[in-house]
Amino acid sequence: MNSFFITGMFRSGTTLVSRMFQSHPEIACASDPYAPLFKEFRNQYAASIHNLKDFVLESESPHDDYYYYDSKTSFFHDLQTESFEMSCENVDWVALLDKMANFSKPYSPLLFPYFNQLPGSTFKETLVNGIDLIKQAYGDDKTKLVGFKEVWTNEFGTHIVRDIPNSKVVHIIRDPRAVCASNLVTSAPYPMIFLLRQWRKACSAALYQQKFSKYGENVFILRYEDLISQPDVYINKVCDFLEIEPHENMYNPSTYLDGNNQQWLQNSSHKDSILGFNMESINKWEDVLSDRQISMIESMCCGEMSLFGYQTEQNQFFLSDDIIFNPPEVKQADIANWLRPFVDQSEQSLVKELSLERVRLSALTSDKEIDKKIAIKLGLWSETFQMMRENLKRNYL
């Protein structure tokens with residue numbers, strides 16, 4: 001069975017895209033069914049390493065951004081080469097299946113009765129089982145293509161196309177200012193530094209997988225803004241990539257169904273948003289973010305924004321002393337409960353992290369040659385970091 005994997009940052013339209021595909025009568029697509037399985041793969045790999053150096057990895061921690069430190073970048077690149085053929089013999093399936101059921105039930109509840117059929121001897125076999133279960137839960141005898149979407153998992157795109165037969169990956173990218181604005185208006189926001197580094201990692205992963213890996217022909221990058229502004233064009237493009245004819249339902253969000261096969265109510269964090277392909281959602285961030293927040297976002301993300309065609313309000317990028325010592329950040333007590341134990345919003349931590357960001361920005365905008373090992377620390381892949389430097393120099397510097 002041909003399959004596909006949708007991934008991207010949260011608040012980037014990934015659910016819209018997954019519901020769009022599910023509206024196609026020949027596609028079965030589940031939203032957020034297996035997120036804990038990817039974290040378990042990371043944890044099992046970490047447990048197999050006898051020396052993680054000074055990289056402290058907790059089992060419930062979010063996927064790291066992996067910037068700046070040898071211990072993190074080494075782990076990240078080793079994890080990239082590890083196969084989903086890894087054995088599941090040490091997996092606590094009772095605990096993991098319970099976690100997956102609780103996580104997925106709000107989004108893909110029809111999968112719940114099938115979870116006992118999920119475990120395999122390897123992570124590859126487990127995911128192949130999972131794809132078959134999505135077909136059983138959300139497909140029928142007309143189903144030709146099966147997909148699922150997960151946020152925070154862009155780094156596993158290579159694993160999917162390399163290890164899962166007949167699979168493809170669709171990366172969703174959205175303007176980081178819109179991602180932050182959508183997050184900040186919620187009752188349980190995430191820190192901006194955390195979000196922006198995760199956004200950068202997602203961009204670099206998508207670019208590397210498409211342009212520098214040997215699996216690039218099986219990787220598609222879809223900008224949220226392109227889908228919203230030209231849905232006919234980009235629905236056709238992504239269907240062409242997945243080698244399936246578009247269906248009329250895909251162009252009409254009123255036909256989209258949720259995980260219970262009821263009419264989907266879009267999960268926008270902006271209460272006055274129009275559902276569907278809403279052009280107003282593209283620049284809604286302008287009404288939400290302060291000038292200082294915009295400056296911080298653009299200075300931290302200018303390299304990736306330039307590569308993805310996001311026009312900045314600034315022509316020059318800098319992290320001022322005022323932002324470093326008085327950042328427009330989320331307070332520790334306001335952070336979402338699940339994330340709060342894993343982030344440090346103290347003054348000392350914020351100054352240190354933003355000082356690192358100033359070093360990164362200086363390297364991005366410098367004419368001096370950058371050592372490959374330093375480029376990896378600053379950009380995760382030296383190839384994508386060099387692309388950013390060249391593009392910034394051509395368009396801004």
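See above for the structure.
Because the structure is a prediction, the values reported are computed rather than measured. (Residues numbered from 1 in each chain as written. Predicted model: local features only at pLDDT ≥ 70, side-chain atom pairs only at ≥ 80, totals over all residues. Heavy atoms only, no water.)

Participant: Just to check I follow, could you spell out the packing of helix H7 (residues 176-184) against helix H11 (residues 291-307) for this structure?
Facilitator: In a pair of packed helices, the angle between the axes and the distance between the axes together describe the arrangement. Relative orientation of the contacting elements H7 and H11 amounts to 140 degrees, with a least axis distance of 9 Å. It follows that H7 is oblique to H11 by the angle criterion. Contacts between H7 and H11 involve Pro176, Arg177, Cys180 and Leu184 on the former and, on the latter, Gln293, Ile297, Glu298, Cys301 and Met305. Per-class residue counts for the contact of H7 with H11 are six nonpolar, one polar and two charged. (Axes fitted to C-alpha atoms, helices over the stretch in contact; angles between N-to-C directions. Helix = DSSP H or I, 4+ residues; strand = E, 2+ residues; numbered from the N terminus. Parallel < 35°, antiparallel > 145°, perpendicular 65-115°, else oblique. Contact = heavy atoms within 4.5 Å. Nonpolar A, V, L, I, M, F, W, Y, C, P; charged D, E, K, R; others polar.)

Participant: Which parts of the structure should I look at to understand the pattern of salt bridges?
Facilitator: Side chains that differ in charge, positive against negative, can pair when their charged atoms come close. Throughout the structure, instances matching the rule amount to 20 salt bridges. In this structure, Glu60 engages Lys99 in a salt bridge whose closest nitrogen and oxygen atoms are separated by 2.7 Å. One end of the pair, Glu60, is in the loop between helix H2 (35-47) and helix H3 (70-81); the other, Lys99, is in helix H4 (residues 93-104), with 39 residues separating them in the sequence. Of the residues examined, Glu60 reaches a relative accessible area of 37% and is grouped as partly exposed. For the salt bridge of Asp321 with Arg358, the shortest nitrogen-to-oxygen distance reads 2.7 Å. Here Arg358 lies in helix H13 (residues 347-364) and Asp321 lies in helix H12 (residues 321-325), a separation of 37 residues in the sequence. According to the relative accessible area criterion, Arg358 is partly exposed, its value standing at 34%. Counted as one network, the salt bridges with shared partners bring together Arg197, Arg200, Lys352, Glu353 and Glu357. (Salt bridge = Lys/Arg side-chain N within 4 Å of Asp/Glu carboxyl O. Buried < 20%, exposed > 50% of the residue type's maximum accessible area, 1.4 Å probe, protein only.)

Participant: Could you clarify how one ought to interpret H2 in this entry?
Facilitator: Residues lying three or four places apart along an α-helix face the same way, a consequence of the helix completing one turn every 3.6 residues. Taking 1.5 Å per residue as the helical rise, H2 with its 13 residues ought to reach 18 Å, and the 19 Å between its terminal C-alpha atoms agrees with that figure. By the criterion of burial, H2 is predominantly enclosed, with twelve of the 13 residues buried. Ala35, Pro36, Leu37, Phe38, Lys39, Glu40, Phe41, Arg42, Asn43, Gln44, Tyr45 and Ala46 are the residues of H2 that are buried. Where H2 is buried, its residues touch strand S1 (2-8), H3, H4, helix H5 (123-138), strand S3 (145-151) and helix H6 (157-163). (Expected span 1.5 Å × (residues − 1).)

Participant: Any chance you could explain the environment of Arg360 here in plain terms?
Facilitator: Assignment of secondary structure puts Arg360 in helix H13. By relative accessible area, Arg360 is classed as buried at 1%. When the C-alpha atoms of Arg360 and Ser299 are compared, they prove to be 10.0 Å apart, with 61 residues separating the residues in sequence. When sequence neighbours within four positions are dropped, the list of residues in contact with Arg360 reads Tyr67, Tyr68, Arg200, Met300, Glu304, Leu378, Gly379 and Met388. Looking at Arg360, its side chain comes within polar contact range of the side chain of Glu304, at 2.8 Å. (Polar contact = N/O pair within 3.5 Å; in protein donor to acceptor, adjacent residues only side chain to side chain.)

Participant: Looking at this model, I keep getting lost on H7. Mind explaining?
Facilitator: Within H7, eight of the nine residues are buried, which leaves it mostly tucked inside the rest of the structure. For H7, every residue scored as buried is listed here: Pro176, Arg177, Ala178, Val179, Cys180, Ala181, Ser182 and Asn183. Looking at the buried residues of H7, the elements they touch are helix H8 (192-211) and H11.

Participant: For this particular structure, what's the right way to read the pairing of strand S2 (residues 27-31)?
Facilitator: On a regular strand, one side chain projects to one face of the sheet and the next to the other, so that they alternate. Burial analysis of S2 places five of its five residues in the buried class, the great majority of the element. Residues Ile27, Cys29 and Ser31 line one face of S2 and the alternating positions Ala28 and Ala30 line the opposite face, and both faces are buried. Where S2 lies against S3, five bridges are found, and the strand directions are parallel. Looking at the pairing, Ala30 lines up with Phe148 of S3. (Pairing = 2+ DSSP bridges.)

Participant: When you look at the pairing of strand S4 (residues 167-173) in this model, what are you seeing that I'm missing?
Facilitator: Burial within S4 is extensive, with seven of its seven residues counted as buried. The alternating pattern of S4 places Ser167, Val169, His171 and Ile173 and Lys168, Val170 and Ile172 on opposite faces, both of which are buried. Sheet analysis places S1 next to S4, joined by six bridges and oriented parallel. Along S4, the bridge assignment pairs Thr7 with His171. The pairing of S4 with strand S5 (residues 219-223) spans five bridges and is classified as parallel. When the sheet's bridge partners are listed, His171 is paired in S5 with Ile221.

Participant: Which parts of the structure should I look at to understand the packing of H11 against helix H15 (residues 382-395)?
Facilitator: Interaxial distance between H11 and H15 falls to 9 Å at its minimum, and their mutual angle equals 85 degrees. Considered as vectors, H11 and H15 are oriented roughly perpendicular to each other. The segment H11 lies against H15, with Cys302, Gly303, Glu304, Ser306 and Leu307 engaging Thr384, Met387, Met388, Asn391 and Leu392. Taken together, the residues that form the contact of H11 with H15 break down as five nonpolar, four polar and one charged.

Participant: Would you mind showing me how to read the packing of aromatic side chains here?
Facilitator: Two measures describe an aromatic ring pair: the distance that separates the ring centres and the angle between the ring planes. Counted by the stated rule, this structure contains 27 aromatic pairs. Centre to centre, the rings of Phe76 and Trp381 are 5.2 Å apart; their planes meet at 70 degrees, and the pair counts as edge-to-face. Linking Phe76 in helix H3 with Trp381 in the loop between helix H14 (372-379) and H15, this pair joins segments that are 305 residues apart in sequence. Overall, the relative accessible area of 0% leaves Phe76 in the buried class. On the basis of an interplanar angle of 25 degrees and a centroid distance of 5.9 Å, the ring pair of Tyr208 and Phe212 is categorised as stacked. For Phe212, a relative accessible area of 34% puts it in the partly exposed group. Each member of the aromatic cluster is reached from another via a ring pair, and the members are Phe5, Tyr34, Phe38, Phe41, Phe84, Phe115, Phe123, Phe148 and Phe156. It is Arg174 that lies over the ring of Tyr224; its NZ or CZ is 4.3 Å from the centre. The cationic tip of Arg223 hangs over the ring face of Tyr310; the distance from NZ or CZ to the ring centre is 4.8 Å. (Phe/Tyr/Trp six-rings, centres within 6.5 Å; stacked < 30°, edge-to-face > 60°. Lys NZ or Arg CZ within 6 Å of the ring centre and 35° of its normal.)

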